Amino acid sequence: MRLENIQIGRDPKKPNQLAFHRSDIESSALSGTQIIVENEISSLNFKDKFVWRGERGFDRGEFLPLGFDGVGKVIWSGPDSKATLGSRVLFFAQDGDLKSQGGFQRFSIHSAEKTVPLYSLKSKDAITLGVPGFTALA
């Protein structure tokens, strides 16, 4: 499966403007434990402010997507993943370089075991997760 992905983020060549970045996701290039999530809701947090301002450690001179967490629907699941197609998950951006994955994009790629299925999320757990937890409960 090939998906066209649109990301919203910061381009250092266009300061103080939202930028859009297009990329393709090819499911055959993913590992068996990964999933593709169709992002539905995301939130901004303090890390996004650092990205937007180009703070040291967050400015790498290239496009950076916004949104470090969110909720979405699993639309593709690798053969070794236990994620169910159509289920909703809570996710956190896991790209340590903050180059390719964010919540403010059409689709995102995650390791299935690092997402939280919403059916298993309890209120007490959601509270400890802050904004993404409350988003998931809503």
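Here is a short report on the structure shown in this document.

## A short note on the layout of surface pockets
Rolled over the atoms, a probe as big as a water molecule pinpoints where empty space is left.
Right, so step 1: In this model, the largest pocket occupies a volume close to 190 Å³.
Right, so step 2: Taken together, 13 residues make up the lining of the largest pocket; nearest its centre are Ser81, Lys82, Ala83, Ala112 and Pro117.
Right, so step 3: Grouping the constituent residues of the lining of the largest pocket by class yields 5 nonpolar, 5 polar and 3 charged.

## Quick word on the sheet that holds strand S2 (residues 18-26)
Right, so step 1: On the basis of which strands lie adjacent, the open sheet formed by 3 strands has the order S2-S1-S4 and antiparallel pairing. Pairing within the sheet leaves two strands with one partner each, and these edge strands are S2 and strand S4 (64-65).
Right, so step 2: As paired strands, strand S1 (residues 2-10) and S4 are joined by 2 bridges and run antiparallel to one another. Counted as the bridge partner of Gly9 is Pro65 from S4.

## What about the pattern of salt bridges?
Right, so step 1: In this structure the tally under the stated criterion is 6 salt bridges.
Right, so step 2: Close ionic contact of Glu4 with Arg22 constitutes a salt bridge, the shortest N to O distance being 2.7 Å. Of this pair, Glu4 sits in strand S1 while Arg22 sits in strand S2; the two residues are 18 residues apart in sequence, bridging distant segments of the chain.
Right, so step 3: The class of Glu4 is partly exposed, set by a relative accessible area of 37%.
Right, so step 4: Linking Glu40 and Arg88 is a salt bridge whose minimum nitrogen-to-oxygen distance equals 2.8 Å. Here Arg88 lies in strand S6 (residues 88-92) and Glu40 lies in strand S3 (residues 34-43), a separation of 48 residues in the sequence.

Reading the values: the criteria
Residues numbered from 1 in each chain as written. Predicted model: local features only at pLDDT ≥ 70, side-chain atom pairs only at ≥ 80, totals over all residues. Heavy atoms only, no water. 1 Å grid on protein atoms, 1.4 Å probe; cavity = no way out; pocket = protein on both sides within 12 Å on 5 of 7 lines; lining within 4 Å. Points joined across faces, edges and corners; volume = space filled by probe spheres on them. Nonpolar A, V, L, I, M, F, W, Y, C, P; charged D, E, K, R; others polar. Pairing = 2+ DSSP bridges. Helix = DSSP H or I, 4+ residues; strand = E, 2+ residues; numbered from the N terminus. Salt bridge = Lys/Arg side-chain N within 4 Å of Asp/Glu carboxyl O. Buried < 20%, exposed > 50% of the residue type's maximum accessible area, 1.4 Å probe, protein only.

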